[in-house]
Protein chains: 2
Amino acid sequence: MAAASATTGEVKLLGLWRSPYVTRVGIALNLKKVGYEFVQEEVQGQKSEILLKSNPVYKKIPVLIHQGKPVCESAIIVEYIDEIWTSEPPILSSHPFDRAVARFWVTYIDDKLLALVRTLAFGATEGTSKAEVADGGAEAFQLLEEAFAKCSHGKEYFGGDTIGYVDIALGCWLGWIKAVEEVSNIKFLDEKKVPLLVGWAERFLQNEAAKGTMLEADEYVQRVKNLSASAR
Amino acid sequence: MAAASATTGEVKLLGLWRSPYVTRVGIALNLKKVGYEFVQEEVQGQKSEILLKSNPVYKKIPVLIHQGKPVCESAIIVEYIDEIWTSEPPILSSHPFDRAVARFWVTYIDDKLLALVRTLAFGATEGTSKAEVADGGAEAFQLLEEAFAKCSHGKEYFGGDTIGYVDIALGCWLGWIKAVEEVSNIKFLDEKKVPLLVGWAERFLQNEAAKGTMLEADEYVQRVKNLSASAR
């Protein structure tokens, strides 16, 4: 996972690979060919001293520690990586309008997908039926399909020829999305409804930067099953 | 409110001045001395056609329309303004670490202050007592006091000598914070507890960029009273 390559000082990533937000940072580092040390947080029990010291406000992973300084919040870390390692490929475009559009979709993805995965993995929340959740999810993917058509300009990724900010933000969720689809029996990445996204997801998972950053599909499925069971 | 000055093309701001998120954009534009047209959204009734067309996903203000293109979400708009109008003062530092820290606090502010103002204006939410809300608010301001000590480097603003990203994000809430303090009888900007923030708030409200972007204090108080009454 930790590619050996030129780095500007010491780089550590505090996290757990099951977290899409940690995956996000891993993909960004791979994209920039930055070597780093992955520091595994304990799954159970007390949070590590290094995490509590590095992110005293939220006490949450991921945290990127670069030259001894902690950077928190996954989307902020990805922007930081793009600004520190300015080598190709750029994660964000140099055009302010395209940057604003990408930031908009990243915010949207975090807003919608977390809620969707949480609801379907933990069971429908009070006052919301499974059908409503499915409809909400389908609408979100439809909007992302349209966003892909606009952002990609007919190329392979939201970022154009290479993986960009929106690709990373959405791609890190693919393991969870597929697991939630299987367990809930609701298809979101449906070839008939969102063909562009389905093609994009296949390319994304084959991309060198994404390889090895996610668990195997059945591990996510097992986790979702465990979460669903414990929520009952 | 709309300062006459050199602009890069036509600039419109869709909004309502009672919204702190709209205030935020107004302050950023003033800081960069960008002239703009303020397009008032209807308070009641249907959303305007221009809003629905410009922000079809969230249908929410503020929207900045620059050269015919819409930019949505207040924090994203402020970054866009800084990237388009690169004249002094910079809103974000040019140092990636300082940028990441500023983005972290802006996310924190949006997360905590919206919840605080909403809870105190609409009445305490289920399962949360007023005392708990007060404690949570006090803790947030204490953290922001410490953030100010670190970010300002002994100068006037979070951004140093001039208003920056965190100043704008927090400053736009000052009208609501003071109104909520008055109506709920809880003091957050307390000289004894957060002296740096109290001094900062006074300077901020006197700054040319902030003047005229907020309603009069008693107008916010009246709005909070109305909200509290309608929530009962």
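Keep in mind it's a predicted model, so treat the numbers as computed, not measured.

### As for the state of the cysteines
By definition, a disulfide is the covalent link that joins the sulfur atoms of two cysteine residues.
Here is step 1 of the chain: Inspection of the entire model under this criterion finds 0 disulfides over all chains.
Here is step 2 of the chain: With no disulfide of its own, Cys72 of chain A lies closest to Cys151 of chain B among cysteine sulfurs, the gap being 13 Å.
Here is step 3 of the chain: Given a relative accessible area of 8%, Cys72 of chain A falls into the buried group.

### Section: the pairing of strand S1 (residues 11-15) of chain A
All names here are of chain A.
Here is step 1 of the chain: The element S1 is largely enclosed, with a buried count of 4 among its 5 residues.
Here is step 2 of the chain: Here S1 pairs with strand S3 (residues 63-66) via 4 bridges, running antiparallel. Note that in S3 the partner of Val11 across the bridge is His66.
Here is step 3 of the chain: Bridge count between S1 and strand S2 (residues 37-40): 4 bridges; the pairing is parallel. Considered in S2, the bridge of Leu13 is made with Phe38.
Here is step 4 of the chain: Viewed along the sheet, the connection from S1 through helix H1 (residues 20-31) into S2 turns out right-handed.

### Describing the interface of chain A and chain B
In many analyses, interface size is given as the accessible surface area lost on bringing the parts together.
Here is step 1 of the chain: Chain A puts 24 residues into the contact, and the matching count from chain B is 24 residues.
Here is step 2 of the chain: In total, chain A and chain B occlude about 2,200 Å² of area from one another, counting both sides; carbon and sulfur atoms represent 73% of this.
Here is step 3 of the chain: Our count for the chain A to chain B interface comes out at 6 salt bridges.
Here is step 4 of the chain: Here Glu83 of chain B and Arg103 of chain A are joined by a salt bridge, their closest N and O atoms 3.2 Å apart.

### Notes on the packing of aromatic side chains
Ring pairs (aromatic) are described by centroid distance and by the angle formed between their planes.
Here is step 1 of the chain: Tallying each qualifying case throughout the model produces 22 aromatic pairs over all chains.
Here is step 2 of the chain: With centroids separated by 5.3 Å and ring planes inclined at 80 degrees, the aromatic side chains of Trp105 of chain B and Tyr108 of chain B adopt a geometry described as edge-to-face. In this pair, Trp105 of chain B and Tyr108 of chain B both sit in helix H4 (residues 96-122), 3 residues apart, roughly one turn of the helix. Neither Trp105 of chain B nor Tyr108 of chain B differs from the other in exposure class; each is buried.
Here is step 3 of the chain: Here the guanidinium or amino end of Lys69 of chain A rests over the ring plane of Phe97 of chain B, the centre of that ring lying 4.5 Å away.

What counts and how
Residues numbered from 1 in each chain as written. Chains lettered and ligands numbered in written order. Predicted model: local features only at pLDDT ≥ 70, side-chain atom pairs only at ≥ 80, totals over all residues. Heavy atoms only, no water. Disulfide = S-S within 2.5 Å. Buried < 20%, exposed > 50% of the residue type's maximum accessible area, 1.4 Å probe, protein only. Helix = DSSP H or I, 4+ residues; strand = E, 2+ residues; numbered from the N terminus. Pairing = 2+ DSSP bridges. Right-handed = clockwise from strand over helix to strand, strands pointing away. Contact = heavy atoms within 4.5 Å. Buried area = accessible area lost by both parts, 1.4 Å probe. Salt bridge = Lys/Arg side-chain N within 4 Å of Asp/Glu carboxyl O. Phe/Tyr/Trp six-rings, centres within 6.5 Å; stacked < 30°, edge-to-face > 60°. Lys NZ or Arg CZ within 6 Å of the ring centre and 35° of its normal.

Just geometry here; none of it tells us what the structure is for.
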